[in-house]
Amino acid sequence: DQSGIAWELDEAMASQCGYTVTYSNWNNIEFRASALSCHSHLEKDIFIITIQVKASHTPNMKNATTHLKSARCCYGPWSPRELVCESNYMEVSVRKEVPQIVKKFIQDELEDWASAFPEAKAGEASIWQIVFHQPEKKKALLVSDGWSAGYGLNTTDTRVLLRIPYTAGQIQLVEDQGITFSSVRSCTLYKHLWMILMVDTTVACPVDGVDYANKTITWTVPKYIRLLSAGATGIKDVLVEAGVDLHKLSAEEMASRKYVLLNDLNAITMKIPIGAEGGYYKTSVSSGQHGAKYTINVFLEHQWEDNKWGLTKYTIIKEIETPFEQVELAITNNSNLTAKLMNVTVGTFLPDVELVNLTIEEAIVAVPEAVQRGYLTNEIRYPNGSKAYIIQVPLDVTSVKKEYMGANKRAYILNVTLAFTVHPTSETFVVPVVAISAVEDAVLPSATGFCDGRNLHLIITHGNVDQNWQPFISDWHLTPDTVKKYNYSLRDNGTHLAISVPFLSSHVNYEDFNSSGIKASLHLTLKDGITSANRRDFSVSCMFSSSELIQCLPNGTVIITAIKLVGVADLDTSLLVLRDRRCKPSLVTEKTATFKFNVNTCGTSRKFNSTTMKYENYVLYFRPGNDTPLYQLKFVCWYGLKQTLDVKYDSKKNPPPSIKPGFGSLALSMKLFREKSYAEPYQESEYPVVKYLKEAMYFEVELLWPKDERLELNLADCWAATSQNQDSLLRWYILLNGCENSEDSYRTVFHEVNYSIRVKFPQHLKRFEVRMFTFVQDTTLLQE
C-alpha cells in the first residue's frame with residue numbers, strides 16, 4: 001500500500017480487494033489487479049499498484065528471495081457505469097453525482113425510495129449503506145458490516161464501487177436467454193448534505209454459455225441482460241470487442257487465428273478452434289489416466305447506450321477450459337543391442353509434467369536413486385516446448401528379465417513403471433513401460449553321453465537359457481528325491497548336470513538284440529518348468545554285452561533277465577515264461593522280466609562234450625489262446641567238466657589290500673584358502689576373489705566320497721584358462737603329469753597334508769601353492 005506495508009494475499013482478500021492470481025501457460029503465474037483495487041492509488045489519472053513476490057524452493061519459505069514490481073496504468077475515459085466479470089469476483093462502479101431535479105422525472109421503482117428513507121435515516125451521518133434486494137426481503141448493511149461479510153466497497157472523488165465475490169451470501173442465480181448468471185441486485189445509499197442519494201449497483205455475470213463441439217469452443221453471452229437493462233429504453237450498441245489475455249484483437253488478427261466474433265440481435269458469440277493460437281494445452285489426470293485440456297483466457301467488452309445510464313461498459317474476463325481428453329503416450333524401443341543397452345523413449349509430455357520416481361521390481365525409487373540400480377533417465381526437450389524421457393538400462397541388470405525365444409534368441413524384458421507429477425496441480429499418474437528386445441545370444445545346453453558297461457551316463461552342460469528347465473525321462477520328472485527309488489544318480493554342480501542310469505532299469509529303451517550284444521538307449525527331455533513345453537532332447541545309445549542278462553552260478557542256479565524291445569509295444573513282460581510254462585518270472589518291470597531257477601528245472605536241456613556241459617532254455621511269450629510264441633529268447637550256460645578251485649589261507653590278521661580296476665563315482669572338491677595354514681577357505685559368496693600378481697594362492701583338492709582308506713588321490717593335470725570352459729584351448733598348466741610345470745617362472749609348490757580333526761584321511765587330499773599370474777597376448781593383457 002502507500003504506507004509500504006505488504007499485505008499477504010489469500011483467496012478471500014483477492015476476491016474482496018480486486019485481485020486475481022492464476023497459473024497459466026505451464027508454470028507462469030499471472031497477477032491481475034482492478035484499477036480500483038484496495039491498495040491501488042491515483043496520481044494525476046495514473047493508477048499505481050505495487051506487489052511484492054517472495055519465491056523459495058521449499059514450502060517453509062526458507063531462504064526466500066523478494067521481488068518488488070510496480071505497475072502504472074492510465075485508465076480512461078470512465079463510463080457512467082462499468083461492469084467487470086473477473087474469474088473470482090464481480091465488480092460494478094458507478095459515477096456519483098448530485099442530479100438536478102427534473103419536474104417530469106418519473107421514478108420507475110418507487111418501492112426503492114420508500115424503503116430508502118427509514119434505512120438512511122437510521123444510519124449515522126456520512127455513513128454509506130448497501131441494500132440488497134432479495135426475492136423475499138431486502139437487507140441493509142453498513143460499510144463496516146459489508147467488509148466483514150467479504151464485500152469490497154470503495155469510493156473515489158467521482159465513483160462508487162461495489163465488488164462481490166462469487167461465494168457471497170447475497171448471490172442469486174438467474175437465467176436469461178438460456179444462460180445462467182450470478183447476480184446481485186443492490187443499491188448503495190449515502191447522505192449528501194441534506195439529500196439521500198441512491199446508486200444502483202446491480203451486477204450480473206454469466207456462469208455458463210460455453211459449448212464444445214466439432215473441435216470448436218463456442219461462447220455465447222446475451223446481448224442485453226434484463227437485470228442490467230431494467231427501466232432503460234433506447235438501447236443501442238456502441239462497441240463490441242474481444243481478445244485474449246486482456247489484449248484486444250483486431251478483425252485481421254482474429255481472422256488469422258480463425259476466431260469468429262458474431263454480434264447478432266440478441267447475443268454476442270465467440271468461436272475459437274480448440275488448439276488455436278492464444279490458448280495452451282495443459283496436462284490433466286482423470287481416474288489415473290493421462291490426458292490434456294485446452295485453456296484460453298478470453299475477454300469480451302460490450303459498450304451500449306441507453307436513456308437511463310448513458311454509456312455502460314460491460315467487460316467479461318473468462319478462462320475457458322475444455323473437457324478432459326485422454327492422450328495416449330508413445331513408448332518407443334530404441335535399444336542398442338550392440339552396446340548391450342535397453343533404450344526406451346516415453347512421451348511426448350507437456351512441459352508441466354515431471355518424472356518423480358520409478359517402480360523397479362515392486363520397489364519405488366526416486367530418480368537419483370534409480371541410477372544406483374542401473375536405470376539412467378534423461379529428459380529431452382523439443383523446440384515446441386514439449387518433452388520426453390529416455391530410460392537406459394544395461395542388458396545385464398538383474399531386473400531385466402531374460403526369456404528363451406527359440407533358436408538362438410533370448411528376449412530381454414524391461415518392466416518398469418514411471419510415476420509423474422503435474423505442476424502446479426500436483427496431480428499424479430503412472431506409465432507402465434514394458435519393452436522387449438530379441439538378442440541372438442542364447443546358449444543352449446549341450447550333452448555328452450557314454451556308457452561304462454553297467455550304466456548309461458548323460459552329462460549336460462548348462463547354457464544361459466535353461467535356468468527353469470527340468471529333466472524328464474518320458475513324463476517322469478527327475479529330481480534328487482525321485483531318482484533314489486530306482487537307484488539312479490543325479491548331480492548338478494551349477495555348470496553341469498550328470499545323470500547315470502543302470503543298464504537294466506525301467507527307463508532304458510532296448511532297441512536291438514543280436515549276437516553283438518544289446519543296443520540300449522536313454523532318452524532325456526528338458527522341459528520348461530513353467531509351461532511344460534519340450535525345450536531340448538538328448539539321448540545316449542550303447543551296445544552292452546548280452547552276458548549282462550545271464551548269471552550262471554556255480555551251484556547250478558541261473559538268473560536270466562529278459563528284455564522288451566522297443567518294436568514290440570504290446571508285449572506284457574509279466575506273461576513271459578520258460579520252456580516249462582509253469583516257470584514264471586520272479587521280478588517284473590515294464591521292460592524286463594527276471595527268472596531265477598535251477599538248471600535241472602523249467603524244461604532246461606543239457607548237452608555234453610569232452611570238456612563242458614551246456615544248459616539251454618528259452619524265454620517265451622505267447623498270445624492268449626495261441627501256442628506259437630511271439631517272442632523267443634534263447635540262453636545257454638556252460639560249465640567246465642573238470643575245474644579246480646584253489647583257496648589260499650594266510651594267517652596274517654590284516655592281509656594287504658587287493659586292488660582291482662573297476663568303475664564307480666567319485667566326489668571331489670577344489671577350494672581356495674586364505675592362508676598357508678589351510679584353516680579357512682573362501683566362501684562361495686566371496687567369489688570372484690581378487691588377487692594381485694605374484695600373490696600366493698593356496699589350493700586344496702579333496703576326495704569327498706567314498707571314504708575308503710584304501711583309496712589315494714593323485715593329481716594328473718591342473719591348468720588355468722581364460723574362461724569357465726574346461727575345454728578352453730587357451731590354458732596354462734600348473735601341474736603336468738602330477739608334477740610342477742618346468743616352464744613356469746614360479747613353479748607350483750606342494751604342501752604336506754597331515755592328519756587333523758578336519759583331515760581323517762591325509763591320502764585323500766592334495767595341497768599346492770601357485771603364484772598369481774595373468775595371460776598376455778603379445779604385450780596385451782587378456783583382462784577376462
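Residues numbered from 1 in each chain as written. Predicted model: local features only at pLDDT ≥ 70, side-chain atom pairs only at ≥ 80, totals over all residues. Heavy atoms only, no water.

Looking at an unreviewed UniProt entry, one finds the chain named ZP2 protein, with Psilopogon haemacephalus as its source organism.

Draft legend 1. Highlighting the overall build of the chain. Counting its secondary structure elements, the chain contains six helices and 60 strands. In terms of C-alpha radius of gyration, the chain reaches 51 Å, well past the compact-globule figure of 28 Å for 784 residues. Across its three principal axes, the chain shows a C-alpha extent of roughly 170 × 80 × 50 Å. Considering the chain as a whole, with its 784 residues, one finds that 40% of them fall into the buried category. Counting contacts in the chain only where the partners sit at least 6 residues apart, residues at least 24 apart contribute 56% of the total. Accessible surface, the chain: about 46,100 Å² in total, of which carbon and sulfur atoms supply 52%. Of the charged side chains in the chain, 79 are positive and 87 negative; the average position of the first set lies 9 Å away from that of the second. (Helix = DSSP H or I, 4+ residues; strand = E, 2+ residues; numbered from the N terminus. Rg over C-alpha atoms; globule rule 2.2 N^0.38 Å. Buried < 20%, exposed > 50% of the residue type's maximum accessible area, 1.4 Å probe, protein only. Contact = heavy atoms within 4.5 Å. Areas by Shrake-Rupley, 256 points an atom, 1.4 Å probe, with all protein chains shown as cover. Lys, Arg positive; Asp, Glu negative; His and termini not counted. Charge placed at Lys NZ, Arg CZ, Asp CG, Glu CD.)

Draft legend 2. Examining the sheet that holds strand S49 (residues 605-608) more closely. Reading across the sheet, the three strands line up as S49-S50-S51 and stay open at both edges, with antiparallel pairing between neighbours. Two strands lie at the open edges of the sheet, namely S49 and strand S51 (631-640), each paired on one side alone. For this sheet the average axis-to-axis angle between neighbouring strands, irrespective of direction, equals 20°. Inspection of the sheet shows S49 paired to strand S50 (residues 612-621) by four bridges, in the antiparallel sense. The residue bridging serine 605 from the neighbouring strand is glutamate 616, located in S50. (Pairing = 2+ DSSP bridges. Axes fitted to C-alpha atoms, helices over the stretch in contact; angles between N-to-C directions.)

Draft legend 3. Just the domain arrangement of the chain, in detail. Annotation of the chain at the domain level lists domain 1 (11-77), domain 2 (209-325), domain 3 (328-439), domain 4 (446-544), domain 5 (550-640) and domain 6 (667-781). Here the C-alpha centroids of domain 1 and domain 5 sit 111 Å apart. (Domains from an automatic or database assignment.)

Draft legend 4. Expanded view of the state of the cysteines. Evaluated as defined, the whole model comprises five disulfides. Disulfide pairing is shown between cysteine 17 and cysteine 38; the S-S distance is 2.2 Å. When the S-S torsion is -90°, as for the bridge of cysteine 17 with cysteine 38, the disulfide is left-handed. Residue cysteine 17 is found in helix H1 (residues 11-17), and its partner cysteine 38 is found in the loop between strand S2 (28-33) and strand S3 (41-43); the two are separated by 21 residues along the sequence. (Disulfide = S-S within 2.5 Å.)

Draft legend 5. Quick look at the environment of valine 367. Summarising the element assignment, valine 367 is placed in helix H6 (residues 367-370). Spatially, the C-alpha atoms of valine 367 and isoleucine 217 are 39 Å apart, while their sequence positions differ by 150 residues. The residues contacting valine 367, other than those within four sequence positions of it, are Leu355, Val356, Asn357, Leu358 and Thr377.

Draft legend 6. Region of the structure containing the pairing of strand S37 (residues 455-461). Direction of pairing for strand S36 (residues 446-451) relative to S37: antiparallel, over a ladder of six bridges. Bridge pairing in S37 links alanine 447 to isoleucine 460. Hairpin remark: S36 followed by S37, antiparallel, with three residues in the connecting loop; positive phi at glycine 453, about 100°. Alignment of S37 against strand S41 (residues 496-502), held across seven bridges, turns out to be antiparallel. Paired with asparagine 455 across the bridge in S41 is proline 502.

Draft legend 7. Structural context of the pattern of salt bridges. Scanning all chains against the criterion turns up 33 salt bridges. Ionic pairing is found between arginine 582 and aspartate 580, a salt bridge with its closest N-O pair at 2.9 Å. By relative accessible area, aspartate 580 is classed as buried at 19%. Each member of the salt-bridge network shares a partner with another, and the members are Glu30, Arg32 and Glu86. (Salt bridge = Lys/Arg side-chain N within 4 Å of Asp/Glu carboxyl O.)

Draft legend 8. Molecular detail of the environment of serine 489. In this fold, serine 489 is placed in strand S40 (residues 489-492). Expressed as a C-alpha distance, the spacing of serine 489 and serine 500, which sit 11 residues apart in the sequence, is 4.9 Å. Excluding anything up to four places from it in sequence, serine 489 contacts Ala498, Ile499 and Ser500.

Draft legend 9. Focus on unusual backbone geometry. A cis amide bond links glycine 347 to the next residue, threonine 348, at an omega of 20°. The backbone of leucine 246 shows a phi angle near 65°, a positive value even though the residue is not glycine. Located in the positive-phi region is glutamate 362, a residue other than glycine, with phi close to 70°. Counting through the fold element by element, glutamate 362 comes out in the loop between strand S29 (353-360) and strand S30 (363-366). With a relative accessible area of 79%, glutamate 362 lands in the exposed category.

Draft legend 10. Representation of the nonpolar core. Formed by 50 residues in total, the largest nonpolar core has its most connected members in Ile164, Tyr259, Ile272, Ile296 and Tyr314. If one sorts the elements of this core by residue count, strand S24 (residues 289-306) sits on top with five residues. Among residues more than four places away in sequence, those in contact with tyrosine 259 are Val244, Leu249, Met254, Met270, Lys271, Ile272, Pro273, Ala276, Glu277, Gly278 and Ile296. Grouped together as the second largest cluster of nonpolar side chains are 31 residues, Leu355, Val367, Leu418 and Val422 included. (Core = buried A, V, L, I, M, F, W, Y, C linked by side-chain atoms within 4.5 Å.)

Draft legend 11. View of the side chain of serine 399. Mapped onto the elements of the fold, serine 399 is located in the loop between strand S32 (387-394) and strand S33 (401-406). A polar atom in the side chain of serine 399 sits 2.6 Å from the side chain of tyrosine 375. Residues within four places of serine 399 in sequence aside, it is in contact with Ile360, Glu361, Tyr375 and Ile413. (Polar contact = N/O pair within 3.5 Å; in protein donor to acceptor, adjacent residues only side chain to side chain.)

Draft legend 12. View of the side chain of threonine 525. Note on placement: threonine 525 falls in strand S43 (residues 517-528). Within the local environment of threonine 525, its side chain forms a polar contact with the side chain of aspartate 537, the two groups lying 2.8 Å apart.

Draft legend 13. Spotlight on the sheet that holds S32. A sheet is described by the order of its strands in space; here four strands give the open sequence S27-S28-S32-S31, paired in antiparallel fashion. The outermost strands of the open sheet, each flanked by one partner alone, are strand S27 (330-333) and strand S31 (376-381). Going across the sheet, the axis of each strand differs from the next one's by a mean of 20°, ignoring polarity.

Draft legend 14. Inspection of the packing of aromatic side chains at higher detail. Evaluated as defined, the whole model comprises 26 aromatic pairs. An angle of 80° between the planes, with centres 6.2 Å apart, marks the rings of tryptophan 304 and tyrosine 314 as edge-to-face. Of this pair, tryptophan 304 sits in strand S24 while tyrosine 314 sits in strand S25 (residues 310-321), and the two are 10 residues apart along the sequence. Both residues of the pair, tryptophan 304 and tyrosine 314, belong to the buried class. Every member of this aromatic cluster is reached through a ring pair, and the members are Phe349, Tyr389, Phe420 and Phe429. Sitting over the face of the ring of phenylalanine 472, lysine 527 holds its NZ or CZ atom 4.9 Å from the ring centroid. Note that arginine 581 overlies the ring of phenylalanine 622, its terminal NZ or CZ placed 3.6 Å from the centroid. (Phe/Tyr/Trp six-rings, centres within 6.5 Å; stacked < 30°, edge-to-face > 60°. Lys NZ or Arg CZ within 6 Å of the ring centre and 35° of its normal.)

Draft legend 15. Structural view of the environment of valine 439. By secondary structure assignment, the location of valine 439 is in strand S35 (residues 427-439). Residue classification places valine 439 among the buried residues on the basis of a relative accessible area of 12%. Other than its neighbours up to four places away in sequence, valine 439 contacts Leu337, Leu395, Asn408, Lys409, Arg410 and Tyr412.

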